[in-house]
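Breakdown of the fold
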Amino acid sequence: ADGAEDPEQCKLFFFDDAGPSWARKDPATEGKWNRWNVRSKTWEPLEEDPPRPAGLYAGIGATRLSSRAESAIRGLYYDAAAAADAEKQATERRAGLLGWQQLRRYVR
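To start, this report covers the structure provided alongside it. (Residues numbered from 1 in each chain as written. Predicted model: local features only at pLDDT ≥ 70, side-chain atom pairs only at ≥ 80, totals over all residues. Heavy atoms only, no water.)

Let us look at the packing of aromatic side chains. Applying the stated criterion across every chain yields a total of 3 aromatic pairs. When the ring of Phe14 is compared with that of Trp43, the centres are 4.9 Å apart and the planes differ by 40°; the resulting orientation is tilted. Here Phe14 is found in strand E1 (residues 13-15), whereas its partner Trp43 is found in strand E3 (residues 42-45), with 29 residues between them in sequence. Using a relative accessible area of 31% as the deciding quantity, one classes Trp43 as partly exposed. On the basis of an interplanar angle of 70° and a centroid distance of 5.5 Å, the ring pair of Phe15 and Trp33 is categorised as edge-to-face. Of this pair, Phe15 sits in strand E1 while Trp33 is found in strand E2 (residues 33-37), placing the two residues 18 residues apart along the sequence. Each member of the pair, Phe15 as well as Trp33, is classed as buried. An aromatic cluster is defined as three or more aromatic residues linked by ring pairs; in this entry it consists of Phe14, Trp36 and Trp43. (Phe/Tyr/Trp six-rings, centres within 6.5 Å; stacked < 30°, edge-to-face > 60°. Helix = DSSP H or I, 4+ residues; strand = E, 2+ residues; numbered from the N terminus. Buried < 20%, exposed > 50% of the residue type's maximum accessible area, 1.4 Å probe, protein only.)

Encoded structure:
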C-alpha cells in the first residue's frame, strides 16, 4: 500500500556502478547518478549530481568501487570554495615557513 507522503519528497539517490559481471545491467542508469521514482518504482538518471548529503542521511554501497564510482562520490562531497580556501591557507603557511627560514639566516 502506498503511504500518504508526497512522492516528490522521496530523496533516494544511487550511483549505478554496474556491479559484478553477473549483476543485472541497465544501460540507462549505468555510470550515472539516479533518483528513485516512487510512482513508477524505477531508477531515473539525473542530469547532474544529486544534492550534497547534509543533516540526517544514510549511505549504503559496495565494498569495492570502480574509479568512476569513487570519482562520482568524491565529487559529491567536493566543495570548490573550501578547496580553494585550503590551498590559499597552505600557500600562506609555506610562505610563512619560507620567510622564517630566510630570517633564521640573519639571526644566529
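Structure shown, so let's carry the discussion forward.
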